[in-house]
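Now for the letters of each chain:
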Amino acid sequence: MAKINDNYLKLKAGYLFPEIGRRVRAFAAANPDAKIIRLGIGDVTQPLTPTILKAFHDAVDDLAKANTFMGYGPEQGYDFLIEAIIEKSYRPLGVELKNTEMFISDGSKCDCANILDIFALDNTVAIADPVYPVYNDTNVMIGRTGDADEKGYYKGLVYMPCTEENGFFPAYPREKVDMIYLCFPNNPTGTVATKEQLKGWVDYALANDSIILFDAAYEAFITDPTIPHSIYEVEGAKKCAIEFRSFSKTAGFTGVRCGVVVVPEELEGTTSTGEKYSFNKLWLRRQTTKFNGASYPVQKAAAAVYTDQGWKETKENIDYYMENARIIREGLSAAGLTVYGGVNGPYIWLKTPNGLTSWDFFDKLLNECNVVGTPGSGFGPSGEGYFRLSAFGNRDNVIEAVERIKKNLK
Ligand SMILES: *Cc1c(COP(=O)(O)O)cnc(C)c1O
């Protein structure tokens, strides 16, 4: 009989969101009149903007005529999109990238997972705690870890606790690590990295020959002009960092699917015999072999994000979510809660009151306010005692949720 990849059996079977669903269904069944407001999941709610939608439609129409039909495109993405990203999103930051350093994809989750293909299994990996679970679980699946301990830490991974004490910003690992995942603005804590802080990590990576896997999925939500949007704003980062970006949260593409990975040509690792080798070449080989490109209409829609009108509309949606974030943050502070994030990212990370566990607070919020959020402990052991609210809801729901919390939790 064929053997399975039993690394998968080490995973804690998808616990967080199914458990949230189970508790919400049970509550709804017992309280059929309750109007439940969901501020839990990290999915957007605003539709595609008119300019993006038109580009999407027009590109579908292209497929209807023989003379404009598009079949397989370049695996790395069309130049029209790559050039739009370089010119409109990176050049204004003072970051110069080549077309050959950009790889368009069907989203960042897959990219963050697939990138592991081009790294040796015996590299040591550092991840934050709490963390976007994809980084952790994909390393388990590929076989880089042992089993999880009773706290939930997998043997073989290096965890960097992000707590109130360190401002939810990871400290450099004490042991030498080869790969480091960083995500700013952060999901789930909403923390951002200043240029100085990012420079610290770049210098650390250069000094230790490590590679930073930088997830910038929320860069468009930064409001403070001094906060970097890309790790390449720091000198030397092209020698030590891969950057992931996504249209999902920026432009409402969670169901459309488009992302981009930047793998600079200067970025090198070593072969098992000690020679230097380009990660860019490896990733190109990986993508051309295992991926056949994001769809043409999707890439046309993504390129429309960077037109003047497309960006104006996109920015309006981002501002709408960030106004939600402000309402949640200020409302919860007024209710006496300690809140973090929500200024340069769409997540509010709150400290549970009176030392409640994350799940106790989940139940309290559900029962007393009929509001659903995400228990911080679901993102890692150091998330215990915290709770994540998302700013991606619609305005009326956000206002009502905050009012209920103010009234009931005082
Ligand atoms: C939502 C999210 C992404 C983007 O995922 P897609 O696959 O592009 O939809 C990437 N990283 C983090 C941390 C996220 O929260």
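Preceding this section is the structure that the text describes.
Now for a description of the structure that goes with this document. (Residues numbered from 1 in each chain as written. Predicted model: local features only at pLDDT ≥ 70, side-chain atom pairs only at ≥ 80, totals over all residues. Heavy atoms only, no water.)

### With respect to a nonpolar patch on the surface
On the surface, I4, Y8 and L9 cluster together to form a nonpolar patch covering roughly 360 Å² of accessible area. One can find I4 in the segment before α1 (16-30). (Patch = residues over 30% accessible without salt bridge, like charges linked within 9 Å, V, L, I, M, F, W, Y side chains within 5 Å. Areas by Shrake-Rupley, 256 points an atom, 1.4 Å probe, with all protein chains shown as cover. Salt bridge = Lys/Arg side-chain N within 4 Å of Asp/Glu carboxyl O. Helix = DSSP H or I, 4+ residues; strand = E, 2+ residues; numbered from the N terminus.)

### Thoughts on the layout of surface pockets
Reported here for the largest pocket is a volume of approximately 1300 Å³. Lining the largest pocket we find 50 residues, and of these L16, F17, P133, V134 and G378 sit closest to its centre. Elements that contribute at least two residues to the lining of the largest pocket include exactly α1, α4 (108-114), β3 (125-129), α5 (133-142) and α7 (247-251). At seven residues, α5 tops the list of elements feeding residues into the lining of the largest pocket. When grouped by side-chain class, the residues that make up the lining of the largest pocket number 25 nonpolar, 14 polar and 11 charged. In terms of domain composition, the lining of the largest pocket takes at least three residues from each of domain 1 (6-47 + 309-409) and domain 2 (53-307). (1 Å grid on protein atoms, 1.4 Å probe; cavity = no way out; pocket = protein on both sides within 12 Å on 5 of 7 lines; lining within 4 Å. Points joined across faces, edges and corners; volume = space filled by probe spheres on them. Nonpolar A, V, L, I, M, F, W, Y, C, P; charged D, E, K, R; others polar. Domains from an automatic or database assignment.)

### Quick word on the site of the ligand
Around the ligand, the surrounding shell holds 14 residues, and the nearest of these are D215, Y218, S248, K249 and R257. In this structure, S248 approaches the ligand through a side-chain N or O atom, which is 2.5 Å from an oxygen atom. Alone, the ligand offers 380 Å² of accessible surface; in the complex the protein occludes 93% of this. Taking a 2 Å distance to the grid points as the criterion, the majority of the atoms of the ligand fall inside the largest pocket. Of all the secondary-structure elements, those providing two or more residues to the shell around the ligand are α4 and α7. Counted by class, the shell around the ligand contains five nonpolar, five polar and four charged residues. (Near = heavy atom within 4 Å. Polar contact = N/O pair within 3.5 Å; in protein donor to acceptor, adjacent residues only side chain to side chain. Sits in = over half its atoms within 2 Å of the grid points.)

### Section: unusual backbone geometry
With omega at 5 degrees, the peptide bond leading from D129 into P130 counts as cis. With respect to the helices, strands and loops of the structure, P130 is situated in the loop between β3 and α5. The residue after F184, namely P185, is reached through a cis peptide bond having omega -10 degrees. Positive phi outside glycine occurs at F168, with the angle close to 60 degrees. With respect to the secondary-structure elements, F168 resides in the loop between β4 (157-161) and β5 (179-183). The backbone of N370 shows a phi angle near 55 degrees, a positive value even though the residue is not glycine. Here N370 shows up in the loop between α11 (358-369) and β13 (371-372).

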